[in-house]
Amino acid sequence: MPETAINAAGPAFGDVVADEGRLRHFLDGLPGVDPVALEQRAASLATRSIKKQSKLTAIDLATSMVDLTTLEGADTPGKVRNLIRKGLLPDPERPDTPPVAAVCIYPDLVPVAAAALAEAGTTRRIKIASVATAFPSGRAALEVKIADVRSAVQAGADEIDMVIDRGAFLAGQYGKVYDEIVEIKDAAGPARLKVILETGELATYDNVRKASWLALLAGGDFIKTSTGKVSPAATLPVTHVMLQAVRDWKRLTGQQRAVKPAGGIRTAKDAIRYLVAVREVAGPEWLDAYWFRFGASSLLNDLIMQRRTQLEGHYWGGDYVTVD
Amino acid sequence: MSPSTESSSIDWEYAPAPESEAIGRVKDRYLPFIDGKFIEGGGDDLVTVNPGRDEPLSTVSTVDEADLDNAVRAARRAYDGPWSKLSGAERGKYLFRIARGVAERSRELAVLESLDNGKPIKETRDFDIPTVAQHFFYHAGWADKLGHLGFGPDPRPLGVAGQVIPWNFPLLMAAWKIAPALAAGNTVVIKPAETTPLSALVLAEIIADADLPPGVVNVVTGAGDIGAALVRHPGLDKVAFTGSTAVGKQIQRTLAGTGRRLTLELGGKGANIVFADAAIDQAVEGIVNGIFFNSGQVCCAGSRLLVQEPIAEELITRLIERTETLRVGDPLDKNTDVGAINSRDQWNKITELTDAGIDEGAQVWRSSCPLPDKGFFVSPTIFTGATQTMRIAREEIFGPVLSVITFRTPDEALAKANNTPYGLSAGVWTEKGSRAMAMAARLQAGVIWDNTWNKFDPAAPFGGYQESGFGREGGPAGLAGYLDTDDEAVIK
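Quick summary incoming for the structure in this document. (Residues numbered from 1 in each chain as written. Chains lettered and ligands numbered in written order. Predicted model: local features only at pLDDT ≥ 70, side-chain atom pairs only at ≥ 80, totals over all residues. Heavy atoms only, no water.)

Topic: the overall build of chain B
To be explicit about the condition: Only runs of H or I of at least four residues qualify as helices and only runs of E of at least two qualify as strands under DSSP, and these elements are numbered from the N terminus. In this description the radius of gyration comes from C-alpha coordinates, and the expected globular size is given by 2.2 Å times residues to the power 0.38. For every residue, the accessible area obtained with a 1.4 Å probe (protein chains only) is divided by the maximum for its type, and the residue is called buried under 20%, exposed over 50%, and partly exposed between those limits.
Within chain B, the secondary structure is distributed over 16 helices and 20 strands. For 492 residues, the compact-globule estimate of 2.2 N^0.38 gives 23 Å, and the C-alpha radius of gyration of chain B, at 23 Å, lies within 12% of that figure. Its C-alpha atoms put chain B at 80 × 50 × 45 Å along the principal axes. Classification of the 492 residues of chain B by burial places 60% in the buried group.

What about the sheet that holds strand β12 (residues 271–274) of chain B?
Hydrogen bonds between backbone atoms are what pair the strands of a sheet, whose relative direction is either parallel or antiparallel. Residue and element names in this part refer to chain B. Definition in use: Paired strands, in this sense, are two strands between which DSSP finds at least two bridges. Axis definition: a line fit to C-alpha positions, over the contact stretch in the case of helices; interaxial angles, taken between N-to-C directions, run 0 to 180 degrees.
A sheet is described by the order of its strands in space; here seven strands give the open sequence β14-β15-β16-β13-β12-β17-β18, paired in mixed fashion. At either margin of the open sheet sits one strand with a lone partner, and together these are β14 (363–366) and β18 (447–450). Neighbour-to-neighbour, the strand axes of the sheet open up by a mean angle of 20°, direction not taken into account. Judged from the four bridges that link them, β14 and strand β15 (residues 381–384) form a sheet pairing that is antiparallel. Following the sheet pairing, Gln-363 is matched in β15 by Thr-384.

As for the environment of Thr-123 of chain A
Residues and elements named next belong to chain A. By the element assignment, Thr-123 lies in the loop between α6 (110–120) and β3 (127–131). You can call Thr-123 exposed: its relative accessible area is 82%. Remark: the alpha-carbon pair of Thr-123 and Leu-88, spanning 35 residues in sequence, is separated by 9.5 Å.

Some details on the pattern of salt bridges
Our working definition: Any Lys or Arg side-chain nitrogen located within 4 Å of an Asp or Glu carboxyl oxygen qualifies as a salt bridge.
Inspection of every chain in the model, using the stated rule, returns 66 salt bridges over all chains. Of the charged contacts in the structure, one is a salt bridge between Asp-67 of chain A and Lys-194 of chain A, with a shortest N-O distance of 2.8 Å. Of this pair, Asp-67 of chain A sits in strand β1 (residues 66–69) while Lys-194 of chain A sits in strand β5 (residues 192–196); the two residues are 127 residues apart in sequence, bridging distant segments of the chain. Overall, Asp-67 of chain A belongs to the buried group, its relative accessible area being 0%. Of the residues examined, Lys-194 of chain A reaches a relative accessible area of 0% and is grouped as buried. Lys-177 of chain B is the partner of Glu-473 of chain B in a salt bridge, and the nearest nitrogen-oxygen pair spans 2.7 Å. Of this pair, Glu-473 of chain B sits in the loop between β19 (469–470) and α16 (475–480) while Lys-177 of chain B sits in helix α6 (residues 170–183), placing them 296 residues apart in sequence. Residue classification places Lys-177 of chain B among the buried residues on the basis of a relative accessible area of 0%.

Brief notes about the environment of Ala-78 of chain B
Residue and element names in this part refer to chain B. Let me state the cut-off plainly: The contact definition used throughout considers only heavy atoms, calling two residues in contact when any of these lie within 4.5 Å.
Relative to the helices and strands, Ala-78 resides in helix α2 (residues 65–80). Overall, the relative accessible area of 3% leaves Ala-78 in the buried class. Counting along the chain gives 138 residues from Ala-78 to Val-216, while the straight-line C-alpha distance between them is 5.5 Å. Apart from residues no more than four positions distant in its own chain, Ala-78 is found in contact with Trp-83, Ser-84, Thr-187, Pro-214, Gly-215 and Val-216.

Function-wise, these values are silent; they only describe arrangement.
Below you can see the structure in the form of structure tokens.
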């Protein structure tokens, strides 16, 4: 295994990644996840009351955490330019609305996004995130995935969203998944790496916990739930498990890592439920766009509408915000 | 780009969200319900206190012995008259009507119960009141199927049941007692606790609205003396009591030799046993639920945590972090996780036992969550380094106080868990099914939870061993406590 792997894992876990056997032993030794109590806790946290100032704070926080995403075969340069403008200034009528964290696009559109950002020339800055590694299936040769990542970073991507090889994971080839994440992290260079676990395909919460740890051991900067192309995508209980993983990782290594639920989060109300989980499961130090993101396309419009509702006392409806 | 320059995590607080007190429709004064009517009792009025604010909430007229006598006579007339002659299907209709009445007034009942008891609205709204309705629905379904219970083809009701219930789940305990008694064809005289009489009296309104024949259900109010007078009343055929072990023993003495049936559901000191292979985050949830639900004022609370040594330190760290996130405060605020202690007396008792634990040398940890200035609140408290000899490990504290004991082997865990005069509940946390089953078979407790805690269902019997009482409530076993049969019981 490459040298970087052991550095990434840190001294606390130096030898668990030394070979496939030890890695499997370690992952299988993680505490199990009991679905009944997990889902019960996720449901109970979803009933916290967030209103008035607390809601406004939450809406702005959630807005600043959005990775505004378009991942369609039909994406065009024009759509990406619109997305950049929307991300920089989500609500032109209310310029105090915070910008989003990033736009999330396919690698071939990164140059378009970089140029659009340069042209915009505002003091505001958002990141460019790009889904590489043969997104969304991840079914390509490693060299192809690495080339995909390199081209995105060279074109100006600040963040790389990679998918893990779920086939290898489900077959128990944890070492293969690990090696691939390490290689991609290396190829991504200065860009932060988001590791998409595609939790909807992992089937059990135990697997979600194992995959989270695998990604953290391999040096992933973020663990991310989903591509958005598989159902179920992000769910509250799954996000709880991932938040527990980064919390435990920090306790053991001192390193803080980030979490990104993606797919299916469409309303401000949904987003706020995730923020409550962030606060109460991982801790308030994760309540920041550096440590928590939402992968979403339609969430931003609801956040804008709910923000106006909070400020103006009445609801305007979808025709008063832009659709792209 | 580095987190130190880019990140500044914010201090984000939730908005207070108190339910409106007006929803509870608290009246200035409540009357006992005897023979189908709300009547002035012959006793002195008592003042019921809102424990969340330490302020008077309402006054309740109480009964004297003459009223009690009238109530028992009314119940007898109702039993001899219409009630015991009704078909099971007809009785079931009344029970369904009560269940729907509870469901229709659930919001009002949730607020009222929270005001009178001090428990958080999220517990009354999401657990107590829905479970109350479920108990009536469940038993309504049995009313016309008693011949299929396993007590022979035609089991008979006992007659008049005297029931005394506690203050920790005022309406839920009323439902646990009234629903099976009526389903089996008995009539009822029930006395709610002195500190929490209101919801039972609103239930009496619902029962009156359901057009039950007068006297089938009578709600008598008063303190312990009225409870004592009720259970020794010669007009009863059955006594059911939920409350403290000390009072339970007195009742058993009183009834000895009278031939009257008795069920007792008394105290507990439940052991929550966590093995090293447990799903640790969910075990933490279960521990929190086991001891901080209703501020630990639960007879089946998991008040003793037995942790296997290899994970003791890690588990306690996680447990303390988790407990620190609990929000203690205004019971009517829907963000509140832990509400008020029911009364000043109970608050004093908890404080006394906690002080005893400190004196005996256990290490105490208390949540830093700020407590309201007024009302009876206790910070969630965890004792580590507790030993079996300490009072905190032996006596029922009935508050949000957990004592943590460690063990090394399953046998040691069993020995410690069973080493209590009680035996109401226990729990086992392990990912290994065979271990859970082996432990459950040897734990002396009426309810054993596997990888969970505080799961209740009207179909599941509940009750204890040893000083936790005898008899069961819920399910066919609970109905058996209200039925007589010449045939040998198939299920008991």
